[in-house]
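Results of the structural survey
One letter stands for each residue in the lines below.
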Amino acid sequence: MAHIGAVVQDAGREDAVAGPDAQALVLNASYEPLCVVSGRRAVVLVLTDKAIAVALGDHVLHSARVFVTVPAVVRLVRFVRVPFRATVPLTRKAVFARDGGRCVYCDAPATSLDHVIPKSRGGPHTWDNVVSACGRCNHEKADRHIAELGWRLRRAPSVPSGAAWRVVGGKRVDPRWHPFLGEPEQQDELLDTPA
Ligand SMILES: [Zn+2]
């Protein structure tokens, strides 16, 4: 019977069933990170011999006869050519992760997105104009430019780049993915920040 790694466990155990949050990093045959899939999908990739488990996770899936440990990282057996998106999708979660979950104006915990140049004044909905902000600053700023308020950005917003961002965006990063994402520690911390 097919199994993942050497970790097929005794049938009959009913504990530690994979939760919906179990996720796995998929690597290309070249070890380049490709995407994040559900733990269930990762198990299917391995059971159908499309991928090999590289690192095991904490979750367990059970079928009729066996329990399999859900991999945290899998590597595709065959190399696939994937056209990468040029930029990371601009989502609330990703912006919060980039800005460390803090307001870019006052450093309080962020609760909303703000357009630095207000939309009403032609500001675009782009990575270099969208920041995380606290409710107070957002409300106070309203439709004004920061120059009119005498405010400053703690740092200029920019488009996130690098393998980690391209692959996982603002999602939670399993520590077991770090060796394959090849990102500096600071970036990892940023990605770990809950939004
Ligand atoms: Zn603020």
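Residues numbered from 1 in each chain as written. Predicted model: local features only at pLDDT ≥ 70, side-chain atom pairs only at ≥ 80, totals over all residues.

1. Description of the overall build of the protein chain
Stated precisely, the cut-off is as follows: Here a helix means four or more residues in a row that DSSP labels H or I, a strand means two or more in a row labelled E, and each is numbered from the N terminus. Burial is judged by counting other C-beta atoms within 10 Å of a residue's own C-beta: 20 or more means buried, 12 or fewer means exposed, and anything between counts as partly exposed, with every C-beta placed from the backbone. Any residue pair is listed as a contact if its two C-beta atoms, each placed from the backbone, are within 7 Å.
Looking only at helices and strands, the protein chain has seven helices and seven strands in total. In the protein chain, the succession of helices and strands from N to C terminus is β-β-β-α-β-β-α-β-β-α-α-α-α-α. With 195 residues in all, the protein chain has 33% of them scored as buried. Of all intrachain contacts in the protein chain linking residues separated by at least 6 positions in sequence, the fraction that spans at least 24 positions is 64%.

2. What to know about the nonpolar core
Most often, soluble globular proteins have nonpolar side chains that are buried together. This is how the line gets drawn: A set of buried Ala, Val, Leu, Ile, Met, Phe, Trp, Tyr and Cys residues, joined through C-beta atoms within 7 Å, is what we mean by a nonpolar core. How far each domain reaches was decided by an automatic or database domain assignment.
Core analysis: the biggest nonpolar cluster contains 43 residues, and Ala-24, Leu-25, Val-73, Val-74 and Ala-133 have the highest contact counts within it. Breaking this core down by element, the ones donating at least two residues are strand E2 (23-27), helix H1 (39-47), strand E4 (51-62), strand E5 (67-76), helix H2 (92-98), strand E7 (130-133), helix H5 (163-168) and helix H6 (178-181). Counting residues per element, this core draws most heavily on E5, which supplies six residues. Two domains each donate at least three residues to this core, and these are domain 1 (8-76) and domain 2 (92-149). When neighbours within four sequence positions are excluded, Val-74 is seen to be in contact with Ala-24, Val-26, Leu-27, Ala-42, Leu-45, Val-46, Ala-51, Ile-52, Ala-53 and Val-54.

3. Digging into unusual backbone geometry
Excluding glycine, residues mostly carry a negative phi; peptide bonds, for their part, are mostly trans. The backbone phi angle of Asp-49 is positive, close to 60 degrees, even though this residue is not glycine. Of note, Asp-49 is situated in the loop between H1 and E4. Within the chain, Ala-142 stands out as a residue other than glycine whose phi angle is a positive 50 degrees. Inspection of the secondary structure assignment puts Ala-142 in the loop between helix H3 (135-141) and helix H4 (146-149). You can call Ala-142 exposed: it has 9 C-beta atoms within 10 Å.

4. Looking at the confidence of the model for the protein chain
Selection rule: The score called pLDDT rates the predictor's confidence residue by residue, from a low of 0 to a high of 100.
Chain-level pLDDT for the protein chain is 81 on average; 79% of the residues reach the 70-or-more range. pLDDT under 50 marks residues 1-16. Its contacts with residues more than four places away, or in other chains, come to 28 contacts. Across residues 184-195, confidence stays below pLDDT 50; counting only partners more than four residues off in sequence or on other chains, it has 22 contacts.

5. What to know about H1
Our working rule: Here the arc refers to the directions that run from the helix axis out to each C-beta atom.
For H1, every residue scored as buried is listed here: Gly-39, Ala-42, Val-43, Leu-45 and Val-46. Take H1 and look down its axis: the buried residues cluster within an arc of 160 degrees, on one side only. Residue Asp-49 follows H1 closely and has a positive phi angle near 60 degrees.

6. Side note on the pairing of E7
How we decide: DSSP-based pairing: two strands are paired if at least 2 bridges between them are found.
Because side chains alternate across E7, one face comprises the buried residues Val-130 and Ser-132, and the other comprises Val-131 and Ala-133, equally buried. As defined by bridge partners, strand E6 (residues 112-115) adjoins E7 across four bridges and the pair is classed as antiparallel. Of the residues in E7, the one forming a bridge with Asp-114 is Val-131.

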